[in-house]
Amino acid sequence: MSDTTRILVLYYSRNGATQQLADAISAGITKAGAEAVLRTVDCDENAACRRDLIVDKDDLEQCDGLIMGSPTRFGHMYSGLQKFWEQTSKEWLKGVLVDKPAAVFTSSSSMHGGQESTLLSMAVPLLHQGMMIVGIPYTAAELQQTDAGGSPYGASHVEHAAGSTINQYENKLAEQLGERVARTAIQLGR
Ligand SMILES: Cc1cc2nc3c(=O)[nH]c(=O)nc-3n(C[C@H](O)[C@H](O)[C@H](O)COP(=O)(O)O)c2cc1C
């Protein structure tokens, strides 16, 4: 294992919006002096997430923190991510993620289309795995300024409010979330 603090950014993205958040989060992780390890689950043909490697169970053991992102799908995470967690009984029983910091992010088309339920429900399997959930505090000025994505529950993007590209507030909040998880992992001695 390397000496560098490694934060696993596990996400799915069909059209690239969630991937933009993953990249902003990764920039924040790097800023904190840690390594961002971008991984995805099975991606269909032409999906944006095909850019990155598919997650391996070893990635869970080797990471010092994890940030999970999904498009909002009827108020929940993408089923492929849920399926991945349902295949981690061995890692769960071994406790490979226990006491590691974690956070979540999402992208939706509409403002009130279920972002918060998606973010909160994504935190549930991470809590079962024993992870320590990190959010975005209101001391982040952009949380008061945003009229699109960004929430105390996690980073987010709203297409109908911000357009196809994440806006400056969404970008900054995602970056800060990545930085915060990485900083927390480092403070925990990881
Ligand atoms: C099957 C399906 C379900 C969706 N459900 C919702 C939803 O509940 N609320 C919403 O606002 N957008 C919903 N969307 C839109 C996506 O969440 C949105 O376009 C998202 O930004 C896509 O992210 P991506 O570019 O990373 O693939 C849905 C899209 C699909 C294909």
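Report follows, based on the coordinates. Just so it is clear, the structure is predicted and the values come from calculations on it, not from any experiment.

### Thoughts on helix 1 (residues 17-31)
Between its first and last C-alpha, helix 1 extends 22 Å over 15 residues, near the 21 Å set by a 1.5 Å rise per residue. What helix 1 keeps buried is the set Ala17, Thr18, Gln19, Leu21, Ala22, Ala24, Ile25, Ser26, Gly28 and Ile29. Once helix 1 ends, the next one or two residues include glycine 33, with phi positive near 90°.

### Points about the state of the cysteines
Within this structure, the stated rule accounts for one disulfide. Each sulfur in the disulfide pair cysteine 43 and cysteine 49 lies 2.1 Å from the other. Across this residue pair, the class does not change: cysteine 43 and cysteine 49 are buried. Just so you know, cysteine 63 is unpaired, no disulfide at all, and the nearest cysteine sulfur is the one on cysteine 43, 19 Å from it. For cysteine 63, a relative accessible area of 3% corresponds to the buried category.

Conventions used here
- Residues numbered from 1 in each chain as written.
- Predicted model: local features only at pLDDT ≥ 70, side-chain atom pairs only at ≥ 80, totals over all residues.
- Heavy atoms only, no water.
- Helix = DSSP H or I, 4+ residues; strand = E, 2+ residues; numbered from the N terminus.
- Expected span 1.5 Å × (residues − 1).
- Buried < 20%, exposed > 50% of the residue type's maximum accessible area, 1.4 Å probe, protein only.
- Disulfide = S-S within 2.5 Å.

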